[in-house]
Each structure stands twice: as C-alpha cells, then as structure tokens.
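# Summary of the model geometry
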Amino acid sequence: MKTYLLLIPIAFVFACTNNSKSNKQKVDSTAQNTSCAKPIKDPNNPKPMALMMRFMADNADSMKAQLLRGEHLDESNYPFMKFYLVEPTDTSVLKMQFFENARLFQQAYLEMLKSSSNQKQLYNVTIGKCVNCHEMYCNGPLKRIKKMFIEM
Amino acid sequence: MKKLALLISISTILSCSQQAPKQDANNSNTAVDSAIINQQYFGDKITADSAKPVSELKNLIAENKQLTVKLTGKVEGVCQKKGCWMNLKNENGEKLRVTFKDYKFFVPKDCAGKTAFIQGVASTEETSVEELQEFAKDAGKSKEEIAAIKEPKKELVFEASGVIIR
C-alpha cells in the first residue's frame, strides 16, 4: 500500500520534469524558427551615390551574365547613371581627381555599349575603371568589384 | 485503495502534461518574444544556435587556410561611414574584423556593445597598409593614428554571409 502511495509524488515529479523539458525544447525551437523578421539590407539611410552604385553593380552582374551567354549589350537596357552628380557618403571625395575618374569611367562605359564587336574586352576595361577609383576612395566593395571581371 | 492510488498517479501524470505547459510557456515565451523583438537579421537569415565564441576561432581554424563557421561575440566597433564592417572582441581583447559577403548588406552604425552572431568564412589574410588606414579612417581614428599605420598586418578576418545583432 505504501508503495502505491509513494507512486503519487513520484508520478507528479516525473510528469512535471518531463513536461518542462519538452516545453524548453519547444521554446528553443520557437526562438530559432518562428521569427518572421526579414533580413535588413542597409539600416543606415545610405546616400544617393551609394544607392546608385549598388544599382550599377547589379547592372554589371547582369551585363557579365549576358556577355558570358554571348549576347550583345543593348545601350537602352543600361543607360549611364550620372552618379557623380548626387550626394556621396563622404563629401570629402568630391575633388578634381574623383570627377576625372568619373569621366574616364563614363567614357569607357559608353564606348563598351557602342561597340559592336569587342564588348567583353571593353566591359573589363570599364570594370577596371571602377577598381581604379575605389582603390583611391573606398576599398570596401573592391572584393565584389574584382569578381565582376570576365576571365578571358 | 491500491486502485485509487494508482488512479491518482496516472491522473497526476496526465494533468501535469496538459496544464503545466501553459504556465511555463507563458514565462518562456515572454523571454523568447523579447529576444525576437530585439534581434535584427542582416544578409542570409541565420539562426543563433550552436554559435561558438569568437575566442575559440584560433583553435578552430588551427592550420586551415579557411573555415566555414558560426561565431558569436560582442561588437566592439563598426564602420562609421556605412556600417560595412564591424569588429568583434574576445575576452583577450583581440579583435576580429567582419566584412559582409559581396558588400551586399550592412549593419547599424550604432550596434557597438551588442551581441552578434555571424555565419561565414574565417581566413588568415594579409591586410595592406592602405586598407588598414582606410579601416582606421572609417572607424573615426585621428589623422595621427592613421599616419602611424606603416606595416601590413597578417590577421584573422571573417566574411559573413549572415548576421544577427541582439
């Protein structure tokens, strides 16, 4: 009889411990899976020039893909963006050298789009202009830019 | 009487299984809700589970050139221009510079002091003087401090594909 009476508190402890464990597991998995928060791309109110350059970088990825497929780049799909006219993240870059770099980039970019035969080579020349300027002013995206080159 | 004791035992097990979750879950859910509200995701959406402390990285990477790993640590500093890199600090005061894969996402410029979970690739690289100077400039260091950087540095760096800031 005593044995049976002892069963009551044991059962109580067992049931509650077991239950708390399984509940903890549920909570842990909730913490990992139920959050529906979407990843943030940039929480710092980026300046227009930074946004424009990100757009241009996406365009470059698209151009590279097209060229690798052997397609011709159409000027109407990739209009030149006058990024040097909008506000940069760091206004101290707005000096003669920056505008000269921008001019050289624009020249290479337009030449690439106008070319009928060697767009691949001219695309690489254009990406080279991005590298030159970023080596002087903003190293951050260099790794990404260098991935844009097409291996010849 | 025996049957009664047996019955009480069984009903105790059953009732605990059904009732206890409500109370426990309420408390735990409050903590979970608060963590979820306070944490932000950047880049690929990752989970915080099984992240190793930044201090373990040296042992983990050992002789390997690269290591794909998930780490956690306190944010010590962030790029004050764009939020395009951050430093995590370990207990020994050593910093690990974290950049973000393909420059495709950024972290809040004011997240220093918070806890970060990072997933990506750790490697040992030589950082050039120009790069070190630019990192120092972005971190808001003085002209003298920037000019004092004259040697390249071989260091552990991390390229994150996903970040959680909590």
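One structure accompanies this document, and this report is about it. (Residues numbered from 1 in each chain as written. Chains lettered and ligands numbered in written order. Predicted model: local features only at pLDDT ≥ 70, side-chain atom pairs only at ≥ 80, totals over all residues.)

This part covers the packing of helix 3 (residues 96-114) of chain A against helix 4 (residues 119-137) of chain A. When two helices pack together, their arrangement is given by the angle between their axes and by how far apart the axes lie. Residues and elements named next belong to chain A. The contact between helix 3 and helix 4 brings their axes to 8 Å, and the two run at 165°. Here helix 3 is positioned roughly antiparallel relative to helix 4, judged by the angle of their axes. Of the two elements, helix 3 crosses helix 4, and the hand of that crossing is left-handed. Residue-level inspection shows Gln97, Phe98, Asn101, Leu104, Phe105, Ala108, Tyr109, Glu111 and Met112 of helix 3 in contact with helix 4, the latter providing Gln119, Leu122, Tyr123, Val125, Thr126, Lys129, Cys130, Asn132, Cys133, Met136 and Tyr137. Residues of the contact of helix 3 with helix 4, tallied by class, amount to 13 nonpolar, five polar and two charged. (Axes fitted to C-alpha atoms, helices over the stretch in contact; angles between N-to-C directions. Helix = DSSP H or I, 4+ residues; strand = E, 2+ residues; numbered from the N terminus. Parallel < 35°, antiparallel > 145°, perpendicular 65-115°, else oblique. Left-handed = near helix turned anticlockwise from the far one by under 90°. Contact = placed C-beta atoms within 7 Å. Nonpolar A, V, L, I, M, F, W, Y, C, P; charged D, E, K, R; others polar.)

This part takes up the environment of B:Ser50. Residue and element names in this part refer to chain B. Relative to the assigned elements, Ser50 resides in the loop between strand 1 (40-43) and strand 2 (52-53). Under the C-beta neighbour-count criterion, Ser50 is labelled exposed, with 7 such atoms within 10 Å. Placed 22 residues apart in sequence, Ser50 and Thr72 show a C-alpha to C-alpha distance of 9.4 Å. (Buried ≥ 20, exposed ≤ 12 C-beta atoms within 10 Å, placed from the backbone.)

Residue and element names in this part refer to chain A. For helix 2 (residues 48-68), built from 21 residues, the straight-helix expectation of 30 Å at 1.5 Å per residue is met to within 8% by its first-to-last C-alpha distance of 30 Å. Those residues of helix 2 not exposed but buried are Met49, Ala50, Met53, Ala60 and Met63. End-on, the buried residues of helix 2 take up no more than an arc of 125°, which puts them together on one face. Residues of helix 2 that are exposed and point more than 90 degrees away from the buried face comprise Phe55, Asp58 and Ala65. Just past helix 2, the residue Gly70 takes up positive phi, approximately 85°. (Expected span 1.5 Å × (residues − 1). Arc of directions from axis to C-beta.)

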